[in-house]
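Commentary on secondary and tertiary structure
As a plain string of letters, each chain reads:
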Amino acid sequence: MKIVSLRIARVCLLATVLAVVLATSTATALAATWSSQVPAPASTVTSSRPLVSARIVGTARPLWEGQGSWYVKVDGRAVRNPVQLLDKNPDGTYDFTKATIYGTPHWDLAGGNHTAETSCFDGVRYKSSWSFAVGLAPAITGETPAAGSSVDTLTPTITANLSTGGAVSSVVVTVDGNNVPATVTSGILSAKVTTPLEDYATHSATIVATGPTALSATKTWTFDVESKPRMTGTQECTACHTTYPSAHPMYNCVACHGEGSPVGGGYTDPAQYHGPGTNCAQCHFHVENCTDCHGAGYSTVPPLHEFKDDTYHVSSSTSCSPCHSRRLTAEHNRPGLTCATCHASAQPQVIAAIAAGDTACGSCHNATSGHMTEHDGTPNPACTECHNANLVTEHITNQSLTCGVCHDSSDPLVSNAISLGNLNCDACHPGAGSHTALHDVTLGDGCDACHLPNLATEHDARSVDCAGCHESADANVSGAIAAGDKACATCHTTADGHVGLHAVTLAANCGDCHAANLATEHANRSVTCAGCHASTNQDVIDAIAAGDKSC
């Protein structure tokens, strides 16, 4: 009986202790508070592995020290080796009622929203949970066409890999500033250019990609479009360096290896090597091509270069570019020419251009060469009185214009005429046959009674052709044409044109008061031409019609 009573007493005591513990734990759970969460709740960080931490204060009994009684989680996944940092009392001992719990994810977080959780245990589990966002700008890699490369299509497809750590919210692709519709599938960007790009030209592409948290990245690069390939890059050095070997004899070893020479410093110590002789090739016969020295790592020897992509063959001419490539290796390859066509040419202008490093098209090709017959026009007969029937001669030789004035023109009349091969003057210059619109004038009062309001029509009605004015030796006429002055009086003074036509014979004694010329007489009395020629007085109208000038 005593043993049973003792056991019952122990059970009761254990129950009482457990009740106290539970009551204490419940009170502790309610009293403890979390603060100082990092990253701050609802904030955005730009690291894919941010530090996650929180501070707890107010536990009622000591926090357990063994690792595993606290943890840090992100999206429910525990980070490795979390840390519980206890506060210290003034005496240097630890305060087990206050602590900071922290840890860093050992994996990369995707862009977007995440949930953080910190926890510790002192008999009761305390947790703090909050949300934050990771804002990662997209990584743009593997773009095509690659920077500096060339493609043989006028409508290339722009592609790139987009790594954002989440869905791409938006992407904008432009080529030469023009938008290109783009799609993104499984992180792969694709944008097909639909409007043909300029051939034989360099173009600029730009990608602006925005991640799920509004952070964006931009990448811009250039590529070339060349519908025809360049010359092969496997040509022998001598294809361009045509003066070899006479200007650079391979048997003259002393030139490179003698004392004070650029390679080797000179072998003059017989105990070490031997002095250079006059017939080194008896032993040193392995030097057979340019690459033995050029490209072999000698600091004083010019390295090899890849001519296909270098600047030696990019023309400085721009006016020819609408039709021709500015890369000479591509342009000359079109008709099947080779490096030797130019570099072994006997043409003085070609030799001089190469020697001077002059890549302008006009240095070897006269501005009109090869194009004269292609520009023979069929102008209206009236045009040839002043203009040449060949468009090149007329525009370049006579007007000092360039090819680009027409071939780069944004005027739809010009571009349409070029695309159709229409060489008529009026294809670009409507009404050019008579230049009617260019000769419209505003007549003075009363002039329209006798004259037409267009110089071309007026002069033609009086049997004066274009040359009558445009080839006139009269300084007044040539000056008016040069100044674009179309006023009648600039070329025709009142006396020239009308005084003689208005002379009259006055009756006796009339001359005492009146001038013997109707124009002069009326002008003296402030009467304009229109005073008579626009008069509604029937007697005046009849007199003018009959040429009757009697007073």
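Residues numbered from 1 in each chain as written. Predicted model: local features only at pLDDT ≥ 70, side-chain atom pairs only at ≥ 80, totals over all residues. Heavy atoms only, no water.

Section: the overall build of the chain
Put simply, the rule reads: Counting from the N terminus, the helices are the DSSP runs of H or I reaching at least four residues and the strands are the DSSP runs of E reaching at least two. Contacts were defined at the residue level, with two residues in contact if any of their heavy atoms lie within 4.5 Å. Reported accessibility uses the Shrake-Rupley method at a 1.4 Å probe radius. Residues are deemed covered only where the shown protein chains occlude them.
Along the backbone of the chain there are 18 helices and 18 strands. Considering only intrachain contacts with a sequence separation of at least 6, the fraction spanning at least 24 residues in the chain is 57%. When the accessible surface of the chain is summed, it comes to about 33100 Å², and 57% of that surface belongs to carbon and sulfur atoms.

A few points about helix α18 (residues 538-546)
So the rule is basically this: In protein, a polar contact requires one atom able to donate a hydrogen and another able to accept it; more generally it is a pair of N or O atoms within 3.5 Å, and residues adjacent in sequence count only if both atoms are side-chain atoms.
The N-cap of α18, judged by a side-chain oxygen 2.8 Å from the amide nitrogen of D539 a few residues on, is N537. Directly after α18, the chain includes G547, whose backbone phi takes a positive value near 70 degrees.

Considering the pattern of salt bridges
As a reminder of what qualifies: A pair is scored as a salt bridge if a Lys or Arg side-chain nitrogen falls within 4 Å of a carboxyl oxygen belonging to Asp or Glu. Here's how the labels work: a residue is buried when its accessible area is under 20% of the maximum for its type, exposed when over 50%, partly exposed in between, all with a 1.4 Å probe on protein chains only.
The tally for this structure, following the rule as stated, stands at four salt bridges. Notably, a salt bridge pairs R49 with D108, separated by 2.9 Å at the nearest N-O pair. Separated by 59 residues along the polypeptide, R49 in the loop between β2 (44-45) and β3 (52-57) and D108 in the loop between β7 (94-103) and β8 (112-121) bring together distant segments of the chain. The exposure class assigned to R49 is partly exposed, which follows from its relative accessible area of 41%. As a salt-bridge pair, R327 and D224 come within 2.4 Å of each other at their nearest N and O atoms.

Quick notes on the nonpolar core
Put simply, the test is: Buried residues of nine kinds, namely Ala, Val, Leu, Ile, Met, Phe, Trp, Tyr and Cys, make up a nonpolar core once their side-chain atoms join them within 4.5 Å.
Core analysis: the largest hydrophobic core is formed by 23 residues, its most contacted members being W34, I56, V74, I101, C120, Y126 and F132. Among the elements that line this core, the one with the most residues is strand β9 (residues 125-134), at four residues. Those residues in contact with F132, other than ones at most four positions away along the chain, are P39, A40, A42, S43, V45, P50, V74, L109, G112, N113, H114 and A116. Counting residues in hydrophobic clusters, the runner-up holds 20 residues, among them V151, A205, W221 and V225.

Remarks on helix α9 (residues 412-420)
The N-cap residue of α9 is D411: its side-chain oxygen and the backbone nitrogen of L413 are 2.9 Å apart. Looking one or two residues beyond α9, the residue adopting positive phi is G421, at roughly 70 degrees.

Regarding unusual backbone geometry
With an omega dihedral of -5 degrees, the bond running from V38 to P39 counts as a cis peptide bond. Residue T144 is joined to P145 through a cis peptide bond whose omega torsion reads -5 degrees. Within the fold, P145 resides in the loop between β10 (139-144) and β11 (150-151). Of note in this structure, S36 is not a glycine but carries a positive phi near 55 degrees.

Examining the sheet that holds β10
To keep it simple, the criterion reads: Strand pairing is defined by DSSP finding a minimum of two bridges between the two strands. Fitting a line to C-alpha atoms yields each axis, with helices limited to the stretch in contact; the angle taken between N-to-C directions then spans 0 to 180 degrees.
Pairing in this open sheet of four strands is antiparallel, and the strands run β10-β12-β16-β15 from one edge to the other. Each of the sheet's edge strands pairs with one partner strand only, and the pair in question is β10 and β15 (182-185). Mean inter-strand twist for the sheet, computed between neighbouring axes without regard to direction, equals 25 degrees. Bridge count between β10 and strand β12 (residues 157-163): four bridges; the pairing is antiparallel. Bridge pairing links T144 to T159 in β12.

Describing the pairing of strand β6 (residues 83-88)
Pairing of β6 with β7 involves six bridges; the strand directions are antiparallel. By the bridge assignment for β7, D87 is matched with D95. Count of turn residues in the β6/β7 antiparallel hairpin: five residues, of which G92 carries a positive phi of about 90 degrees.

Brief notes about the packing of aromatic side chains
Under the convention used in this document: Two aromatic rings from Phe, Tyr or Trp, using only the six-membered ring of Trp, form a pair when their centres are within 6.5 Å; if the ring planes differ by under 30 degrees the pair is stacked, by over 60 it is edge-to-face, and anything between is tilted. Throughout this description, the term charge over a ring refers to an Arg CZ or Lys NZ atom that lies within 6 Å of the ring centre and within 35 degrees of the ring normal.
Taken as a whole and judged by the stated rule, the model has zero aromatic pairs. Its end group placed over the ring of Y71, K73 keeps NZ or CZ at 4.5 Å from the ring centre. A cation sits over an aromatic face here: R77 above W107, 4.1 Å from the ring centre.

Overview of the sheet that holds β9
Read from one edge of the open sheet, five strands run β2-β9-β8-β4-β5, paired in mixed fashion. The open sheet has two edge strands, β2 and β5 (77-78), and neither has a second partner. Here strand β4 (residues 71-74) pairs with β8 via four bridges, running antiparallel. Its bridge partner being in β8, K73 is matched across the sheet by E117.

Comments concerning the environment of L85
Relative to the helices and strands, L85 is located in strand β6. Residue classification places L85 among the partly exposed residues on the basis of a relative accessible area of 49%. Separated by 30 residues in sequence, L85 and R55 have C-alpha atoms that sit 9.2 Å apart. Ignoring anything within four residues of it in the chain, the contact list for L85 reads K98, A99, T100 and Y102.

Quick word on the side chain of T174
Checked against the element boundaries, T174 lands in strand β13 (residues 170-175). Judged by relative accessible area, which is 15%, T174 ranks as buried. The residues touching T174, leaving out its near neighbours within four places in the chain, are N179, V180, S204, A205 and T206.

Points about the pairing of β7
Across six bridges, the pairing between β3 and β7 is antiparallel. Looking at β7, one finds that R55 is bridged to T100.

Looking at the side chain of T118
As for its position among the elements, T118 is in strand β8. Here T118 falls in the buried class, since its relative accessible area comes to 0%. Apart from residues lying up to four places away in sequence, T118 is in contact with W34, S53, A54, Y71, V72, I101, Y126, K127, S128 and W130.

With respect to the confidence of the model for the chain
Definition in use: Confidence per residue, as judged by the predictor, is encoded in pLDDT with a range of 0 to 100.
Confidence along the chain averages 77 in pLDDT terms, with 76% of residues attaining 70 or more. Long-range and interchain partners of residues 1-30, a stretch whose pLDDT sits below 50, account for ten contacts in this model, where long-range means more than four residues apart. Taken together, the stretch residues 266-272 has pLDDT below 50 and engages in eleven contacts with residues farther than four places along the chain or on a different chain.

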